[in-house]
Amino acid sequence: QLGTASTQYTITQPALTTIPVGGSTTFSVAFSSATAGTFNNTIEVLSDDTDEATYSFAITADAVVLNFQPGDISFVGVTTDSDVFSFVNWIEIPVNAQLSFTDNAYEAGALKTNENTLVWRNNTGSAIQSGTVITVTCPGAGAARTDLGTVVSGSLNGLSAANENVFIYEGL
């Protein structure tokens, strides 16, 4: 059960509600929020065993507001020999907004996971005005860098000059 009543977390109860000695079961916790923020709670596993207490552990989830629609961000340049790309925003980029860039292929309705992903964040302390061109450099050795904002993780080094795609999406 949840330690505090919550509309953001739901628990799928296990098929076994009584676990035999040496046994185990699984359950799922789902998170969903229409508002941004960090949401903390606890999971409590109740016990009627006289020498075992209730087992509790903390859970935390972060929800972000999605800021962008298709067409709000565009690529304006990709240089494969030096793994540099530039993008422009057609609307303001809010503080702490994150964009993910990947050269993973899109097949069967999902992104594959066999290539690279870079996460960029607006950490400037203010919204980035529309029409701003932002350049990201991904050297083969060393960390990726950007001229505005910050690279949170990853790199897009190894971009191919042929049969390559790069996608921009919001979130992780």
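Residues numbered from 1 in each chain as written. Predicted model: local features only at pLDDT ≥ 70, side-chain atom pairs only at ≥ 80, totals over all residues. Heavy atoms only, no water.

**Digging into a nonpolar patch on the surface**
Okay, so step 1: Taken together, the side chains of F27, V29, V45 and Y55 make up a nonpolar region of the molecular surface, amounting to roughly 350 Å² of accessible area.
Okay, so step 2: As for its position among the elements, V45 is in strand 3 (residues 37-45).
Okay, so step 3: The class of V45 is partly exposed, set by a relative accessible area of 35%. (Patch = residues over 30% accessible without salt bridge, like charges linked within 9 Å, V, L, I, M, F, W, Y side chains within 5 Å. Areas by Shrake-Rupley, 256 points an atom, 1.4 Å probe, with all protein chains shown as cover. Salt bridge = Lys/Arg side-chain N within 4 Å of Asp/Glu carboxyl O. Helix = DSSP H or I, 4+ residues; strand = E, 2+ residues; numbered from the N terminus. Buried < 20%, exposed > 50% of the residue type's maximum accessible area, 1.4 Å probe, protein only.)

**Some words on the packing of aromatic side chains**
Okay, so step 1: All chains considered together, the criterion is met by 9 aromatic pairs.
Okay, so step 2: For the ring pair F87 and F101, a centre distance of 5.0 Å and an interplane angle of 45° mean the geometry is tilted. One end of the pair, F87, is in strand 6 (residues 84-89); the other, F101, is in strand 7 (residues 98-102), and 14 residues separate them in sequence. As far as the burial class goes, F87 and F101 line up, both buried. (Phe/Tyr/Trp six-rings, centres within 6.5 Å; stacked < 30°, edge-to-face > 60°.)

**Some thoughts on the environment of L118**
Okay, so step 1: Structurally, L118 can be placed in strand 10 (residues 117-121).
Okay, so step 2: We classify L118 as buried; its relative accessible area is 0%.
Okay, so step 3: For L118, the residues in contact, after removing those within four places along its chain, are F85, L99, S100, F101, V136, C138, A144, V151, S153, G154, S155 and L156. (Contact = heavy atoms within 4.5 Å.)

**So, the sheet that holds strand 10**
Okay, so step 1: If you trace the 4 strands from one edge of the open sheet to the other, you get 13-10-7-14, paired in antiparallel fashion. In this open sheet, the two strands that pair with only one neighbour each are strand 13 (150-154) and strand 14 (167-170). Across the sheet, the mean angle from the axis of one strand to that of its neighbour is 25°, orientation sign disregarded.
Okay, so step 2: Of the strand pairs in this sheet, strand 7 and strand 10 are connected by 5 bridges, and their pairing is antiparallel. (Pairing = 2+ DSSP bridges. Axes fitted to C-alpha atoms, helices over the stretch in contact; angles between N-to-C directions.)

**Side note on a negative patch on the surface**
Okay, so step 1: A surface patch of like charges, here negative, comprises D48, D49, D51 and E52.
Okay, so step 2: You can see D51 is positioned in the loop between strand 3 and strand 4 (55-63).
Okay, so step 3: Accessibility expressed as a relative area gives 57% for D51, which makes it exposed. (Lys, Arg positive; Asp, Glu negative; His and termini not counted. Charge placed at Lys NZ, Arg CZ, Asp CG, Glu CD.)

**A few points about the sheet that holds strand 12 (residues 145-146)**
Okay, so step 1: Strand order in the open sheet made by the 4 strands is 5-6-11-12, with antiparallel pairing throughout. Strands with a single pairing partner mark the edges of an open sheet, and in this sheet they are strand 5 (73-79) and strand 12.
Okay, so step 2: When strand 6 meets strand 11 (residues 133-137), the two strands line up antiparallel, connected through 5 bridges. Residue pairing in the sheet places F87 in a bridge with I134 of strand 11.

**Observations regarding the nonpolar core**
Okay, so step 1: Counting residues in each nonpolar core, the largest one holds 18 residues, and the members touching the most others are F85, F87, I93, F101, L118 and W120.
Okay, so step 2: Those elements that provide at least two residues to this core are strand 6, strand 7, strand 10 and strand 11.
Okay, so step 3: Look past the residues within four positions of F85 in its chain and what remains in contact with it is F75, G77, V78, F101, L118, I134, T135, V136, C138 and L156.
Okay, so step 4: Counting 6 residues, the second-largest nonpolar core is a separate cluster that includes Y9, F39, I59 and A63. (Core = buried A, V, L, I, M, F, W, Y, C linked by side-chain atoms within 4.5 Å.)

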